[in-house]
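A structural walkthrough
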Amino acid sequence: MSGTSLDGLDIACVEFSSEDQLQWKFRLMHAETYTYPPEIQEILPKATELTATRLFQFDKELAEVMADFVNQFMQ
């Protein structure tokens, strides 16, 4: 999850369970916050102003950063 502060990505490992499908329980197993690199933090607030080509490129850059964070989290 990336919040409105646009400063980083919050990742959590959560176990969900339910005995009757009406009442769910959860257990937070681990959580981390990963700070976006400065170049991502600089562009995020202006993303709606980017050209279509630049937005496409930025989307790929952001996805790669997020994938790296997920890989770090999984380790």
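Up top is the structure.
Structural notes, computed from the coordinates. (Residues numbered from 1 in each chain as written. Predicted model: local features only at pLDDT ≥ 70, side-chain atom pairs only at ≥ 80, totals over all residues. Heavy atoms only, no water.)

**Some words on the pattern of salt bridges**
Applying the stated rule across the entire model yields two salt bridges. Where Glu61 meets Arg54, a salt bridge forms, and the shortest distance between an N and an O atom there is 3.3 Å. (Salt bridge = Lys/Arg side-chain N within 4 Å of Asp/Glu carboxyl O.)

**Some words on the environment of Asn71**
In this structure, Asn71 sits in helix H2 (residues 52-74). On the accessibility criterion, Asn71 (47% relative accessible area) is partly exposed. Taking the C-alpha atoms as reference, Asn71 lies 28 Å from Ser18; in sequence the two are 53 residues apart. (Helix = DSSP H or I, 4+ residues; strand = E, 2+ residues; numbered from the N terminus. Buried < 20%, exposed > 50% of the residue type's maximum accessible area, 1.4 Å probe, protein only.)

**Side note on unusual backbone geometry**
The backbone phi angle of Leu6 is positive, close to 60°, even though this residue is not glycine. When its relative accessible area of 27% is taken as the criterion, Leu6 is described as partly exposed. In this structure, Gln21 is a non-glycine residue whose phi angle is positive, near 70°. As for its placement among the helices and strands, Gln21 is situated in the loop between strand E1 (8-18) and strand E2 (24-35). With relative accessibility at 56%, the residue Gln21 sits in the exposed group.

**Structural notes on a nonpolar patch on the surface**
A grouping of Val14, Phe16, Trp24, Phe26 and Leu28 is seen on the molecular surface, where their side chains present a nonpolar patch of about 580 Å² in accessible area. Within the residue set of the nonpolar patch, elements represented by two or more residues are E1 and E2. A total of three residues in the nonpolar patch trace back to one element, the largest contributor, which is E2. Its place among the elements puts Phe26 in strand E2. (Patch = residues over 30% accessible without salt bridge, like charges linked within 9 Å, V, L, I, M, F, W, Y side chains within 5 Å. Areas by Shrake-Rupley, 256 points an atom, 1.4 Å probe, with all protein chains shown as cover.)

**With respect to the nonpolar core**
Listed in full, the 12 residues of the largest apolar core are Leu9, Ile11, Tyr34, Tyr36, Ile40, Ile43, Leu44, Phe58, Leu62, Val65, Phe69 and Phe73. The set of elements that each furnish at least two residues to this core consists of E1, helix H1 (38-43) and H2. No other element matches H2, which puts five residues into this core. Discounting chain neighbours no more than four positions away, the residues touching Leu62 are Tyr36, Ile40 and Leu44. (Core = buried A, V, L, I, M, F, W, Y, C linked by side-chain atoms within 4.5 Å. Contact = heavy atoms within 4.5 Å.)

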